[in-house]
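Fold and contact review
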Amino acid sequence: MQLVPPTAAGTAELVIRGAHVRDPRERIDAIHDVVVRKGRIAELCAPGAAAVPDGAQVVDGQGRHLLPAFVDPHVHLRTPGQEHKEDIETGTRAAAAGGFCAVVAMPNTDPVVDSAPILRSLQEAAARDARVAVGFMPAITRGLAGAALTEMAELREQGALGFTDDGRPVVSAGVLRRALQYQRLCGGVLALHEEDPSLSGSGAMHEGEVSALLGVAGIPSVSESTMVARDAELAEYESPPSQPSRLHFQHLSCAASVRAVAGAKARGVGVTAEVTPHHLCLTQEAVRTLDTRMKMNPPLRTEADRQALVDGLRSGVVDCIATDHAPHARDEKEVPFEQAPMGTTGLETAFAAVFTDLVLPGVLTLACVVERMTSGLEVLGLWAPRVAVGEEANLVLVDLDAEWQVGEDGYESRSENCCFAGRRLRGRVLLTVADGGVAYRERAFSVVGARG
């Protein structure tokens, strides 16, 4: 078992009438009726042509877009030990509200997910509580301490998708080299939070003009990019032709990191990379007000860095969009900027933020965004959702014309530390089907009816 299916998996009986289906992998860009039977896509028909099976709900898709549901390879569900911020039920409810059918949870919890018994208990909890499919990435090192490796083979047997010390870097090149060597034996991607603590120090935002103006200690971009370059070289060194290493670089934030990933890919190194919506849409200028919702790691950087990330996403150097959904309790964020924890929530706003800031102005195509938002499991060696007959139904129905204010109606997440709070965005998720079950229906959106 690698992905734990949601509680409602395989139960959907739906006919979605007259939706504009967009799936770049299947090269579909047309209006169809889509029939879901027993959780699988049974038919794609001409508009109005689908018969309604007994017991099926009819959904009005006219004027809306039906897309493959999104996948997030990088979320913090805060379970175990930090349930005052989020838990599996609230986190996956937020994911479903954002159009996601699957998420991958990070191990920086309390206790750290670094043993098979802890991983097993999380899988059991997900089987009880999850609204969407959930995978888990245990730690590379015990206790995220950066020293002794976890029992990687045992964790893989228990269903680990890969390994990460996310929240902290693997500072020691020797430790990462050993992890790469063990990876050849047990498989699984190594996902890396890239940061040199000797350079980032006690920084709280990007080191640059704005940090100097505010008098806040900064984090230089070389803190990230030098580690990306180092680890790509380590992966290249430890990659026999028959079994290349697999590294995934998390939340890239600067132009130099994009160049390092591009160079590694050009040399044939087995690396992939992700970028977050906040790094695609925001810069250090958003931090001028010292709003702690704008404090994240890596920090928001310059406009040139943001443009390089967008260009990397468009070209495919950056493989996918990941939210790095990092919920914090209100009292934890309502402190002076330097004292606040790093992180922003993002599951409920990811698509709308990118659509509003990048697709509507013509910077990125909708097809590009859909492909990158559905690639999060592919970088881990798994599948991508598709709108195709016979596939498990992983679908999201969105109204691209609908405008909404972030946070106006509250959040499905337990936490409210969203960097897009108060923004008016375009693109509203109306319905999410995850692993063949209805995971989310927007409150004001109702089905046409049911037969039988």
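Our subject in this report is the structure included herewith. All residue numbers here refer to positions counted from 1 along the written sequence of the relevant chain. The predicted origin of the model limits local features to residues at a pLDDT of at least 70 and limits the giving and counting of side-chain atom pairs to 80 or more, whereas totals for whole chains, interfaces and linings rest on all residues. To obtain the side-chain values, all non-hydrogen atoms of the structure were included, while hydrogens and water were left out.

Our next topic: the sheet that holds strand 16 (residues 320-321). In any sheet, the strands associate via hydrogen bonds between backbone groups, in a parallel or an antiparallel arrangement. Pairing between strands is defined by DSSP: at least two bridges between the two strands are required. What counts as a helix is a DSSP run of H or I of at least four residues, what counts as a strand is a run of E of at least two, and both are numbered from the N terminus. Spatially, the 5 strands line up as an open sheet ordered 10-11-14-15-16, and their pairing is parallel. Each edge of the open sheet is held by one strand with a lone partner, namely strand 10 (162-164) and strand 16. The sheet contact formed by strand 15 (residues 271-275) and strand 16 spans 2 bridges and is parallel. Bridge pairing in strand 16 links glutamate 274 to cysteine 320.

Between two packed helices, the angle of one axis relative to the other and the distance separating the axes together describe the packing. For the pair helix 4 (residues 173-186) and helix 7 (residues 222-237), the least separation of the axes is 10 Å and the interaxial angle reads 40°. Comparing the axis directions of helix 4 and helix 7 gives the class oblique. Relative to helix 7, helix 4 is oriented so that their crossing is right-handed. Where helix 4 approaches helix 7, its residues Ala173, Leu176, Arg177 and Leu180 are matched on the opposing element by Arg230, Asp231, Leu234, Ala235 and Tyr237. Amino acids outside the nonpolar list (Ala, Val, Leu, Ile, Met, Phe, Trp, Tyr, Cys, Pro) and the charged list (Asp, Glu, Lys, Arg) are all regarded as polar, and Gly is one of them. Residues belonging to the contact of helix 4 with helix 7 are distributed by class as follows: 6 nonpolar, no polar and 3 charged. The axes used here are C-alpha line fits, helices contributing only the stretch in contact, and every angle between their N-to-C directions lies in the interval 0 to 180 degrees. Should an angle fall under 35 degrees it is called roughly parallel, over 145 degrees roughly antiparallel, and 65 to 115 degrees roughly perpendicular, with every other angle called oblique. Crossings are classed by handedness, with left-handed meaning an anticlockwise turn of the near helix from the far one by less than a right angle and right-handed meaning a clockwise turn. Contact definition: two residues touch when any of their heavy atoms are within 4.5 Å.

This next bit is on the layout of surface pockets. If you roll a probe as big as a water molecule over the atoms, it shows you where there is empty space left. The computed volume of the largest pocket comes to approximately 380 Å³. Buried and open spaces are told apart on a 1 Å grid over the protein atoms alone, a cavity being a set of points where a 1.4 Å probe fits but cannot get out and a pocket being an open set with protein on both sides within 12 Å along at least five of seven lines. Residues with an atom within 4 Å of a point are the lining residues. Lining the largest pocket are 19 residues, and of these His76, Asn108, Gly167, Asn297 and Met342 lie nearest its centre. Of the residues belonging to the lining of the largest pocket, the class tally is 4 nonpolar, 11 polar and 4 charged. Grid points are joined across faces, edges and corners, and a volume is the space filled by probe spheres set on the points.

Right, let's talk about the side chain of aspartate 435 for a bit. Along the chain, aspartate 435 falls in the loop between strand 18 (424-434) and strand 19 (437-441). The buried charged residue aspartate 435 lacks any salt bridge, with arginine 40 as its nearest oppositely charged partner at 7.2 Å. Beyond its immediate stretch of four places on either side in the chain, aspartate 435 contacts Pro5, Pro6, Ala9, Gly10, Glu392, Ala393 and Asn394. When accessible area is computed with a 1.4 Å probe and restricted to protein chains, residues below 20% of their type maximum are described as buried, those above 50% as exposed, and intermediate ones as partly exposed. Only four residue types enter the tally: Lys and Arg on the positive side, Asp and Glu on the negative side, with His and both chain ends excluded. When a carboxyl oxygen of Asp or Glu lies within 4 Å of a side-chain nitrogen of Lys or Arg, that pair is called a salt bridge.

What follows deals with the nonpolar core. Grouped together as the largest cluster of nonpolar side chains are 115 residues, with contacts concentrated most on Phe136, Leu190, Phe249, Leu252, Leu280 and Phe351. Counting residues per element, this core draws most heavily on helix 12 (residues 350-359), which supplies 8 residues. Grouped together as the second largest cluster of nonpolar side chains are 19 residues, Leu14, Ile28, Ile41 and Ala393 included. Residues enter a nonpolar core if they are buried and are Ala, Val, Leu, Ile, Met, Phe, Trp, Tyr or Cys, with the set joined through side-chain atoms within 4.5 Å.

This part takes up helix 10 (residues 303-315). Taking 1.5 Å per residue, 13 residues should reach 18 Å; helix 10 reaches 18 Å between its end C-alpha atoms and fits that length. Those residues of helix 10 lying buried are Asp305, Arg306, Ala308, Leu309, Val310, Gly312 and Leu313. Taken together, the buried residues of helix 10 touch helix 8 (255-266), strand 15, helix 9 (277-281), strand 16, helix 12 and helix 13 (366-373). Glycine 316 occupies a position one or two residues after helix 10 and carries a positive phi of about 95°. The length a helix should cover is 1.5 Å for every residue beyond the first.

Quick look at the pattern of salt bridges now. In this structure the tally under the stated criterion is 26 salt bridges. As a salt-bridge pair, arginine 22 and aspartate 29 come within 3.3 Å of each other at their nearest N and O atoms. For aspartate 29, a relative accessible area of 48% puts it in the partly exposed group. For arginine 230, the salt bridge goes to aspartate 231, with nearest N and O atoms at 2.7 Å. The class of arginine 230 is partly exposed, set by a relative accessible area of 23%. Taking relative accessible area as the criterion, aspartate 231 reaches 1% and is therefore assigned buried.

Two aromatic rings, drawn from Phe, Tyr or Trp (for Trp, its six-membered ring), form a pair once their centres lie within 6.5 Å of each other, and the interplanar angle then sorts them: stacked below 30 degrees, edge-to-face above 60, tilted otherwise. Under the counting rule described, the total for this entry stands at 3 aromatic pairs. Ring geometry for phenylalanine 70 against phenylalanine 351: centres 5.3 Å apart, planes inclined by 20°, an arrangement best described as stacked. You can see phenylalanine 70 sitting in strand 7 (residues 70-75) and its partner phenylalanine 351 sitting in helix 12, a full 281 residues away along the chain. Residue class for phenylalanine 70 comes out buried when judged on its relative accessible area of 0%. Note on phenylalanine 351 and phenylalanine 355: the rings are 5.7 Å apart at their centroids and 20° apart in plane angle, and the pair reads as stacked. Of this pair, phenylalanine 351 and phenylalanine 355 are both found in helix 12, 4 residues apart, which corresponds to roughly one turn of the helix. With relative accessibility at 2%, the residue phenylalanine 351 sits in the buried group. Three or more aromatic residues link up through ring pairs in this structure, and these residues are Phe70, Phe100, Phe351 and Phe355. Criterion for a charge above a ring: Lys NZ or Arg CZ within 6 Å of the ring centre, and within 35 degrees of the ring normal. In this structure, lysine 295 is placed above the aromatic ring of phenylalanine 337, and the distance from its NZ or CZ to the ring centre is 5.7 Å. Geometry around tryptophan 404 places arginine 428 over its ring, the cationic atom sitting 4.5 Å from the centre.

Glancing now at empty space enclosed by the protein. As enumerated under the stated definition, the model contains 5 cavities of 30 Å³ or more in all. Looking at the largest cavity, its volume works out to about 240 Å³. As for the largest cavity, its lining consists of 21 residues, of which Ala97, Glu348, Trp404, Arg428 and Tyr440 are closest to the centre. When the residues that make up the lining of the largest cavity are grouped by side-chain class, the tally is 9 nonpolar, 6 polar and 6 charged. Estimated volume of the second largest cavity: approximately 60 Å³. As for the second largest cavity, its lining consists of His193, Glu194, Glu195, Ile219, Ser223, Glu224, His251, Asn297, Pro298 and Arg301. Split into classes, the residues belonging to the lining of the second largest cavity amount to 2 nonpolar, 4 polar and 4 charged.

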